[in-house]
Amino acid sequence: MEVYLDNSATTRSFDEVAALMTQIMCEDYGNPSSLHRKGVQAEQYIRYAKDVIARNLKVNEKEIFFTSGGTEADNLAIRGCAYANCRSGRHLITTQIEHPAVLQTMRHLEEEGFRVTYLPVDGKGCVRLEELERAVTGETILVSIMHTNNEVGTLQPVEKAGALIKAMNPRILFHVDAVQGYGKFRIHPKKMKIDLLSASGHKIHGPKGSGFLYADEKVKIRPVMFGGGQQNGLRSGTENVPAIAGLAKAVEMVYGNLDEEVKKMYSLKKAFVEGVRKIDNVVVNGHPDEEGAPHVVSVSIKGVRSEVLLHALEDKEIYVSAGSACAARKPQPSDTLKAMGISGELLGSTIRFSFSVFTTMEEINYTLQTMYDIIPMLRKYTRR
């Protein structure tokens with residue numbers, strides 16, 4: 001049995017997404033900037049995608065900008081707003097547990113003279129609002145806080161953070177990296193005081209290389225890439241019509257049956273957590289219940305190195321992750337786990353299991369039984 005439990009890294013595309021993209025690549029392949037019928041046909045796919053996503057977020061179509069994924073959307077939001085608003089201040093705020101697409105962007109801006117405050121988190125990986133309140137200064141121009149942590153599944157209090165930020169200074173921009181939360185929760189930026197929101201298609205059974213940035217029409221933002229002026233000049237380059245249409249199809253399908261699928265994932269999560277806790281010397285990180293995301297479980301297993309367990313499970317055709325996929329090829333201690341206070345042996349013995357709409361209870365049971373069988377052997381081998 002093949003069991004794929006690395007859905008926080010990427011997901012299998014819906015068949016309907018793949019079929020639509022194939023049709024566009026092979027039949028409706030016009031350039032959306034062309035004036036002839038083929039071009040108009042391609043442009044209609046983009047307009048429809050904007051309509052789907054805008055209605056889902058309850059925002060205006062003109063506030064949706066398509067990107068190559070979450071990383072580009074994060075970069076465009078943070079760098080674009082930092083450059084456009086630097087005369088008002090050069091102070092940015094984020095957390096210690098953000099995705100590298102945010103953290104590395106912030107560090108790059110520090111090299112350019114911006115000052116960045118990295119907020120600490122508690123033992124569950126949740127940012128403290130009082131720390132945010134203390135960090136805001138008269139020079140603060142942007143706050144970036146993720147919706148759902150990609151490693152441990154902790155949900156951040158983004159709605160409360162948005163209200164706090166706007167109460168302190170309505171001009172401060174609030175960016176939310178929703179790459180792991182979009183498709184699992186209903187997110188309405190205007191209600192939640194979110195000015196900018198990033199999302200990615202391949203986390204919700206859409207294609208890789210697809211994503212979008214929501215930017216409130218009042219936000220002052222500068223392009224970071226220049227060319228033909230597509231998407232109102234904010235994101236130049238010929239639009240990837242197949243990916244954009246595939247993204248929209250995935251949004252329709254995920255949100256069309258959201259409540260039922262999320263309920264199912266929470267039941268899988270509960271069964272998995274209960275099962276894995278039967279193993280001695282195991283710690284479940286973050287929120288192991290419905291306070292956390294429905295699809296992510298982080299487990300530290302004392303006495304077994306994460307890469308050893310990962311490959312032992314792989315031998316049984318069970319695919320999991322040792323952490324963020326963006327850092328998977330560069331083994332190093334997790335910034336998120338360190339920020340949560342996890343140290344010593346557990347820091348290098350943590351595995352992430354992540355579920356999707358395709359995950360079954362049979363797969364969960366097979367994974368648990370496999371862990372029951374192999375972990376004692378791996379621990380015995382390690383002691384030798």
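Figured I'd write up the structure that's included with this text. (Residues numbered from 1 in each chain as written. Predicted model: local features only at pLDDT ≥ 70, side-chain atom pairs only at ≥ 80, totals over all residues. Heavy atoms only, no water.)

## Section: the overall build of the protein chain
The test is simple: The helix count covers DSSP runs of H or I at least four residues long, the strand count covers runs of E at least two residues long, and both are numbered beginning at the N terminus. The reference for a compact globule is 2.2 Å times residues^0.38; the radius of gyration itself is calculated from the C-alpha atoms. Only protein chains enter the area calculation, which uses a 1.4 Å probe; residues under 20% of their type maximum are buried, those over 50% are exposed, and those in between are partly exposed. The contact rule is simple, with two residues in contact once any of their heavy atoms fall within 4.5 Å. Accessibility throughout is a Shrake-Rupley quantity obtained with a 1.4 Å probe, and a residue counts as covered only by protein chains that appear here. Charge assignment: positive for Lys and Arg, negative for Asp and Glu; neither His nor the chain ends contribute. Taken as the charge location is NZ of Lys, CZ of Arg, CG of Asp or CD of Glu.
When helices and strands are counted, the protein chain shows 11 helices and 12 strands. Taken over C-alpha atoms, the radius of gyration comes to 21 Å for the protein chain, in line with the 21 Å a tight globule of 384 residues would show. By its C-alpha atoms, the protein chain is 65 × 55 × 35 Å across when sized along the principal axes. Residue burial in the protein chain is summarised as follows: out of 384 residues, 58% are buried. Across the protein chain, the fraction of contacts at a sequence separation of at least 24, relative to all contacts at a separation of at least 6, is 74%. Accessible area of the protein chain: about 17100 Å², with a carbon and sulfur share of 49%. For the protein chain, the distance from the average site of its 48 positive side-chain charges to the average site of its 46 negative ones is 3 Å.

## Considering empty space enclosed by the protein
Defined as follows: Grid points spaced at 1 Å over the protein atoms alone were grouped into cavities, where a 1.4 Å probe fits but cannot get out, and pockets, open sets with protein on both sides within 12 Å along at least five of seven lines, with lining residues defined by an atom within 4 Å of a point. Grid points are joined across faces, edges and corners, and a volume is the space filled by probe spheres set on the points. Under the scheme applied, nonpolar residues are Ala, Val, Leu, Ile, Met, Phe, Trp, Tyr, Cys and Pro; charged residues are Asp, Glu, Lys and Arg; polar residues are all the others, including Gly.
Taken as a whole and judged by the stated rule, the model has one cavity of 30 Å³ or more. Each pocket or cavity is described by its volume, and for the largest cavity that value is around 40 Å³. Counted by class, the lining of the largest cavity contains four nonpolar, three polar and two charged residues.

## Some thoughts on the environment of Ser200
Inspection of the secondary structure assignment puts Ser200 in strand 7 (residues 196-200). Residue classification places Ser200 among the buried positions, given a relative accessible area of 4%. Between the C-alpha atoms of Ser200 and Glu98, which are 102 residues apart in sequence, the distance is 15 Å. Not counting chain neighbours up to four residues away, the residues in contact with Ser200 comprise Gly69, Gly70, Val179, Ser210 and Gly211.

## Some details on the nonpolar core
Filter applied, for reference: Here, nonpolar core refers to any group of buried Ala, Val, Leu, Ile, Met, Phe, Trp, Tyr and Cys residues whose side-chain atoms link them within 4.5 Å.
Of all hydrophobic cores here, the largest spans 63 residues; its most connected members are Ile53, Ile64, Phe66, Leu132, Phe174, Tyr182 and Phe212. Filtering out sequence-adjacent residues up to four positions away, Phe212 remains in contact with Ile53, Leu57, Ile64, Phe65, Phe66, Thr67, Ala73, Tyr182, Leu197, Ser198, Ala199 and Leu247. Counting residues in hydrophobic clusters, the runner-up holds 28 residues, among them Val276, Ile279, Ile301 and Ile375.

## Let's talk about the side chain of Ser356
Quick note on the threshold: For the purposes of these results, a polar contact is taken to be a pair of N or O atoms within 3.5 Å, where, inside protein, one atom must be able to donate a hydrogen and its partner to accept one; residues adjacent in sequence count only when each atom of the pair is a side-chain atom.
Examined against the element boundaries, Ser356 turns out to sit in the loop between strand 12 (350-354) and helix 11 (361-383). Overall, the relative accessible area of 4% leaves Ser356 in the buried class. A polar contact of 3.4 Å, which involves the side chain of Ser356, links it to the side chain of Asn7. Apart from residues no more than four positions distant in its own chain, Ser356 is found in contact with Asn7, His205 and Met265.

## Structural notes on the packing of aromatic side chains
The following threshold applies: Stacked, tilted and edge-to-face are the three classes assigned to paired rings of Phe, Tyr and Trp, where Trp is represented by its six-membered ring and a pair needs centres within 6.5 Å; plane angles under 30 degrees give stacked, over 60 edge-to-face, the rest tilted. Either the NZ atom of lysine or the CZ atom of arginine qualifies as a charge over a ring when it sits within 6 Å of the ring centre and within 35 degrees of the ring normal.
The full count for this structure, using the stated rule, is five aromatic pairs. Note on Tyr182 and Tyr255: the rings are 5.3 Å apart at their centroids and 45 degrees apart in plane angle, and the pair reads as tilted. Here the residue Tyr182 occupies a position in the loop between strand 6 (173-177) and strand 7, and Tyr255 occupies one in helix 7 (residues 241-256), the gap between them amounting to 73 residues. Overall, Tyr255 belongs to the buried group, its relative accessible area being 14%. Relative to Phe355, the ring of Phe272 has its centre 6.0 Å away and its plane inclined at 70 degrees; by these criteria the two rings are edge-to-face. Here the residue Phe272 occupies a position in helix 8 (residues 258-276), and Phe355 occupies one in the loop between strand 12 and helix 11, the gap between them amounting to 83 residues. A relative accessible area of 0% places Phe272 in the buried class. Ring pairs connect the aromatic residues Tyr182, Phe212 and Tyr255, which therefore count as one cluster. A cation over a ring is seen here: Arg90 above Phe114, with NZ or CZ 4.1 Å from the ring centre.

## Some thoughts on the sheet that holds strand 9 (residues 282-285)
To be explicit about the condition: By the convention used here, strands pair only if DSSP detects at least 2 bridges between them. Only the stretch in contact is used when a helix axis is fitted, and all axes are lines through C-alpha atoms; the angle between N-to-C directions ranges over 0 to 180 degrees.
If you walk across this open sheet you meet the three strands as 9-10-12, and the pairing is antiparallel. Both outer strands of the open sheet, strand 9 and strand 12, are each paired with one neighbouring strand and no more. Taken over all neighbouring pairs, the strand axes of this sheet differ in orientation by 25 degrees on average, direction set aside. Relative to strand 10 (residues 296-301), strand 9 is paired through four bridges, and the arrangement is antiparallel. Directly across from Val282, in strand 10, lies its bridge partner Ile301. Contacts from helix 8 reach strand 9, strand 10 and strand 12 within the one sheet, and its direction differs from that of strand 10 by about 5 degrees.

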